[in-house]
Amino acid sequence: MGQARDRRPDALGDFCVLPDELLCSILAALPPRTVGTLACVSRLGYVKAGTSVVKPPLRFDGFSSMFLYKRWYRCNIALESFACDTGVIERRENLSLDEFRSTYDGKKPVMICDLTKVWPAQKTWTMPQLADKYGDVSFKVSQAHGKKIKMKLKDYAAYMACQHDEEPLYIFDAKFGESAPEMLEEYSVPPLFSEDLLAVLDKPVRPPFRWLVAGPARSGASWHVDPALTSAWNSLLSGRKRWALYPPGRVPPAVVVHVDKSDGSVNFDGPTSLQWWLEVYPTLREEDKPFECTQLPGETISVPSGWWHCVLNIDDSIAVTQNYVNSTNLELVCLDMAPGFYHRSIARAGHLAMQERPEKPAKPITIDQGLDANCVALVERNLCKSEAGELLIENLERDLYDADSRLSCVDVDNLATHTEKESNHFTSSTSKGGYLDRNVLRDWLRRLWILRPDLRSRLWKCACLTVDVESWLQRVIAICKTHDLPVPVDEEQLPVGNGSNPVFVVGDFVIKLCVEEGGPWLAIDGLRSELRFYSLLNKTDSKLKDAIPSLVASGIVSPDGKDYKVQPWDGYDDRFTVNETQHIGKKRHRNISEFDKSRCRIKCSETEFVRVSIDDNNEVCEYPEKESTEMDDDAIFWPYIVHKRCDGTNMDSVMHKMTIEDYAALASFLGERVRHLHSLPLPSTLPTTWAQKSSRSFGRESTNNTETSVTSGHTAEVNGSAAKQRPDSSMSIEGEDIVGRERNLKNGYADGDVSKLEEVLGDIPNAWDHFVGLMRQQRANASERFEDWESLPPKLFEQLDTYLPEDPAVLVGLQKVQDGVATSAWSPVWLHMDIMTDNIQMIPYSVDDYVPGSVNLSQIARENKDTSERVMQARYILDFGDVTLGDPLYEFLAMHVSVFKLEPLLLKIALKSYGLPLSIPNTTSNGSNKDFTRTSYRAMCYCLLHEHDAMSAIFRQRKDCRNADSLEELEEKLLGFLNEWNPEAPWKLDSVFD
């Protein structure tokens, strides 16, 4: 019998030269209709397409593929006899808390057999019973490729019963307690894991921590380390699971670790759990095999911080799992959130991450090599650009059971020596977007500092690692001594709040140190603006003074040897001295193996030379040994401002208590105070304050003593003429003129690129300089920012560039006149720029203290059927550190999203109390058919141009808006009512809350 003819060339044509893996990857990227069409082209096309939409025949004359056969095998293998237990992981009962913490917690995994006996879930959490009780409840389902989807439990149960997918859908839902609250009553956190330090966080900002996990046989979780090196427990209620674990730093064979230098994130790539056990595991030598066990119903496994683990469901299984931070892993978790990326890669990849760059790059693994488990333990060191990645291959010959070796990768003192040497938690990009947002991290440490005094020595160590609190506290102490203020007591040694600057509450005073990602000179510009605003305000009789904190002192703090020098500064006399020898070039080294219990200093010592093959655009990044000093700082100076402490509580902390009438009163309060702010006179002359602020932010160098006459566009509240401003003088560092020193920071323009600088600011009147420059900068990179954020639905993202005006100057009515210089028919107003929940101070409601506004609050409460008693009332607006001149409409957008949660009635109440116009005079449209003067359009553009991702917050609060077909439709849904605002004919507030 002759050999069957090879059908591949005739059936696939030129595509026959491509390996099956690549062909299947291409097919997976095509839409289903196209794949179905390809299935009709030829019999072999039917086989290939079948890997995506139909089941391929097992046998086909003239064609064979081991790749497709393996995929078919993974879809149909039965796992009933797949259990394995080597006995290495101990099984325990009646385990005491003391023994658990001394023997297992943070050290090694253990299977505990008797923690779920009293749970109702032990008897009721089978898929048929859950589907019967919660069948119409939707749960989040993970897909092998793509975003999570929601699926009703009865539909998922039907899917489980009939599926033969290679990578089955898997319920992994962190919000199951919100979707089905009764499920939380059917189990309880075991006492061994009851210490949960993350529980002190408010629910909206706490990261996901518990999950319902359910899936069919062959599903599971591929190799990973839990987020932020948290520990976990997993209780199985039905079915069986096979577990494999490797110690910290021991990268599993066939796993690639991706380390992103730009943001510090660490991700993992590797085969599915079933593929790993079928194709990688059989090739392992005995000394390379992981810890293994099979989990049975009713058993709970404890997974310590930093341990790699992989899970495969042998049967249809249901479990509940939770990640936690306790006193054992607190320091490790905090360290993982410290600025930098290198220590994170070491905690997961161990010695692989510490290797020096080889003389010749290691040869990457190619597709046709397959998965050779003895050589595929990979660390990809740089994913800033995928093509820059270098795969390092290591034959792992370490003893899995060497406790000293595995624990060194999660040793806090060791890892701390690899943190970012120029760390600044407040400005470092690697502090953003982690397990806890950097603002939430500070708030979390502060809460624990107050609630858990027994942990203060550890918390201080954590705060030094993550926030560099020791340095900030020393600066605060120097400020206090200079101004005869009390020094911080124990309870006051950590910064407060969730803003972008270090803020310390000391006795009756609040001390804020100003930091900027662009450097200290941008910070000094911001403080100058704030101080001059206060100076102007104090010369008026504005009622706004009663609603903002009293200014006590301000100045500059800078390094002075091993101490700090403090120079008071009022925002006008710009001749002060800082020591240039203490500049950015020096770096702090941390060695916290010896901790000073006085909580005043971390001892520093020299660290060994480190050379890391993590690079950016193929440039080797070296970390040479530096001179070690105890006070080497990463900035030249820090501006500061001291206010009188205000009574009350931040709105963030009391929102859950507030009634409808409280919110309505708050809206009225804010509207009136914003009216006072926007009615303040502008300076009679506009000195270089605003020009400097704009030039350093947007790349144009200012000129001293430039003055522009401006007038207020709103009614001024002033006793007499506007305050006379003193001319600016040049700042100097030991005689060096530094005006414009920090230019080009945000736009990234090269010095001397005049054409780009003029494009940004060259045609803007000085009064509008900073605001329009900011909008133009945000417009220039709008698409790039939303591509990174992924907050706009794809169909809306495609419309972004055509929806936004080419030049945002039209949003404030600027139109070009003569000599290429724009003019405006109206003037800007003072803007706070950041009236959000964290900048509003609330006090308990008191009839004696309450000042009625222009809105009938009782009527609004009645119409909304709210009979609750008043609880809180607004008293202060905090933090004028971002004060600038701009469009009054911009002020209300952050307020609408953050404070009013997009409730139209509240914004209407605020505008009714505001009583000033928001529309702009009609202007030419520069040939466009768009109505740039439409209030809702301007407001929508400001949301899209905001420096933070406002659209993400909008879609979280208004999920229905994600279905909008156009940005115009979204504008009308969210902000259309603004077009009706007319202060001469204000709304009748007879509506109810949405």
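Residues numbered from 1 in each chain as written. Predicted model: local features only at pLDDT ≥ 70, side-chain atom pairs only at ≥ 80, totals over all residues. Heavy atoms only, no water.

### Points about helix α31 (residues 904-914)
Phase 1 of the analysis: Here α31 lies mainly inside the structure; 10 of its 11 residues are buried.
Phase 2 of the analysis: By the burial criterion, the buried members of α31 are Pro904, Leu905, Leu906, Leu907, Lys908, Ile909, Ala910, Leu911, Ser913 and Tyr914.
Phase 3 of the analysis: The opening residue of α31 is Glu903, an N-cap whose side-chain oxygen sits 3.2 Å from the backbone nitrogen of Leu905.
Phase 4 of the analysis: Within two residues after α31, Gly915 carries a phi angle of roughly 70°, on the positive side. (Buried < 20%, exposed > 50% of the residue type's maximum accessible area, 1.4 Å probe, protein only. Helix = DSSP H or I, 4+ residues; strand = E, 2+ residues; numbered from the N terminus. Polar contact = N/O pair within 3.5 Å; in protein donor to acceptor, adjacent residues only side chain to side chain.)

### Some details on the side chain of His896
Phase 1 of the analysis: Checked against the element boundaries, His896 lands in helix α30 (residues 888-899).
Phase 2 of the analysis: With near-sequence residues (within four places) excluded, His896 lies in contact with Lys901, Leu902, Glu903, Pro904, Leu907, Leu974, Leu975 and Phe977. (Contact = heavy atoms within 4.5 Å.)

### Things to note about the sheet that holds strand β32 (residues 872-877)
Phase 1 of the analysis: As summarised here, the arrangement of the three strands in space is β25-β31-β32, forming an open sheet in which the pairing is antiparallel. Sheet topology places β25 (649-650) and β32 at the edges, where each strand pairs with a single neighbour.
Phase 2 of the analysis: Where β25 lies against strand β31 (residues 840-844), two bridges are found, and the strand directions are antiparallel. Note on β31: the bridge partner recorded for Asn650 is Gln841.
Phase 3 of the analysis: Lying on the sheet, helix α22 (residues 660-678) is in contact with β31 and β32; it crosses β32 at an angle near 25°. (Pairing = 2+ DSSP bridges. Axes fitted to C-alpha atoms, helices over the stretch in contact; angles between N-to-C directions.)

### Re the packing of aromatic side chains
Phase 1 of the analysis: With the rule as written, the count across this model stands at 32 aromatic pairs.
Phase 2 of the analysis: Between Trp125 and Tyr187 the ring centres are 6.0 Å apart and the planes differ by 70°, which places this aromatic pair in the edge-to-face class. Of this pair, Trp125 sits in the loop between α7 (121-124) and α8 (127-134) while Tyr187 is found in the loop between α10 (176-179) and β6 (210-215), placing the two residues 62 residues apart along the sequence.
Phase 3 of the analysis: You can call Trp125 buried: its relative accessible area is 0%.
Phase 4 of the analysis: Here the aromatic rings of Phe533 and Phe880 are separated by 5.1 Å at their centres, their planes lie at 15°, and the arrangement is stacked. Note that Phe533 is positioned in helix α20 (residues 520-538) and Phe880 in the loop between β32 and β33 (884-886), a separation of 347 residues in sequence. (Phe/Tyr/Trp six-rings, centres within 6.5 Å; stacked < 30°, edge-to-face > 60°.)

### Concerning a positive patch on the surface
Phase 1 of the analysis: Where like charges cluster on the molecular surface, the positive patch consists of Lys140, Lys148, Lys150, Lys175, Lys901, Arg956 and Lys959.
Phase 2 of the analysis: Tracing the backbone through its elements, the reader meets Lys140 in strand β3 (residues 138-142). (Patch = residues over 30% accessible without salt bridge, like charges linked within 9 Å, V, L, I, M, F, W, Y side chains within 5 Å. Areas by Shrake-Rupley, 256 points an atom, 1.4 Å probe, with all protein chains shown as cover. Salt bridge = Lys/Arg side-chain N within 4 Å of Asp/Glu carboxyl O. Lys, Arg positive; Asp, Glu negative; His and termini not counted. Charge placed at Lys NZ, Arg CZ, Asp CG, Glu CD.)

### Concerning the packing of helix α18 (residues 456-467) against helix α19 (residues 469-482)
Phase 1 of the analysis: Interaxial distance between α18 and α19 falls to 7 Å at its minimum, and their mutual angle equals 90°. With respect to α19, the axis of α18 lies roughly perpendicular. Of the residues in α19, those in contact with Trp460, Ala463, Cys464 and Val467 of α18 are Val469, Glu470, Trp472 and Leu473.
Phase 2 of the analysis: Its residues assigned to classes, the contact of α18 with α19 comprises seven nonpolar, no polar and one charged. (Parallel < 35°, antiparallel > 145°, perpendicular 65-115°, else oblique. Nonpolar A, V, L, I, M, F, W, Y, C, P; charged D, E, K, R; others polar.)

### So, the confidence of the model for the chain
Phase 1 of the analysis: The share of residues in the chain with pLDDT of 70 or more is 72%, and the mean pLDDT across the chain is 77.
Phase 2 of the analysis: Throughout residues 356-406 the model reports pLDDT below 50, and contacts reaching past four residues in sequence, or to other chains, amount to 134 contacts.
Phase 3 of the analysis: Segment residues 685-758: pLDDT under 50, and 193 contacts once partners within four positions in sequence are set aside and those in other chains are kept. (pLDDT = per-residue confidence, 0-100.)

### Examining the nonpolar core
Phase 1 of the analysis: Grouped together as the largest cluster of nonpolar side chains are 105 residues, with contacts concentrated most on Phe533, Leu666, Leu670, Met951 and Leu970.
Phase 2 of the analysis: The dominant element in this core, judged by the number of residues it contributes, is α20, at nine residues.
Phase 3 of the analysis: Looking at which domains feed residues into this core, each of domain 2 (468-579 + 633-645) and domain 3 (768-922 + 933-991) supplies at least three.
Phase 4 of the analysis: Contacts of Phe533, omitting those with residues within four sequence positions, involve Leu544, Leu677, Leu680, Trp830, Phe880 and Val883.
Phase 5 of the analysis: If you look at the next biggest cluster of nonpolar residues, it comprises 47 residues, including Leu436, Leu448, Cys464 and Phe509. (Core = buried A, V, L, I, M, F, W, Y, C linked by side-chain atoms within 4.5 Å. Domains from an automatic or database assignment.)

### Description of the sheet that holds strand β13 (residues 300-303)
Phase 1 of the analysis: Read across the sheet, nine strands follow the order β1-β2-β13-β8-β15-β6-β5-β3-β4 without closing on themselves; strand pairing throughout is mixed. In this open sheet, the two edge strands, each paired with only one partner strand, are β1 (91-92) and β4 (149-152).
Phase 2 of the analysis: When strand β5 (residues 170-173) meets β6, the two strands line up antiparallel, connected through three bridges. Looking at the pairing, Asp173 lines up with Leu212 of β6.

### Some points on the pairing of strand β15 (residues 317-324)
Phase 1 of the analysis: For β15, a buried count of eight out of eight residues is recorded, marking the element as mostly surrounded by other parts of the structure.
Phase 2 of the analysis: The alternating pattern of β15 places Ser317, Ala319, Thr321 and Asn323 and Ile318, Val320, Gln322 and Tyr324 on opposite faces, both of which are buried.
Phase 3 of the analysis: Pairing analysis gives six bridges linking β6 to β15, with the strands arranged antiparallel. What sits directly across from Arg210, in β15, is Gln322.
Phase 4 of the analysis: With seven bridges joining them, strand β8 (residues 231-238) and β15 adopt antiparallel strand pairing. Considered in β15, the bridge of Ser235 is made with Val320.

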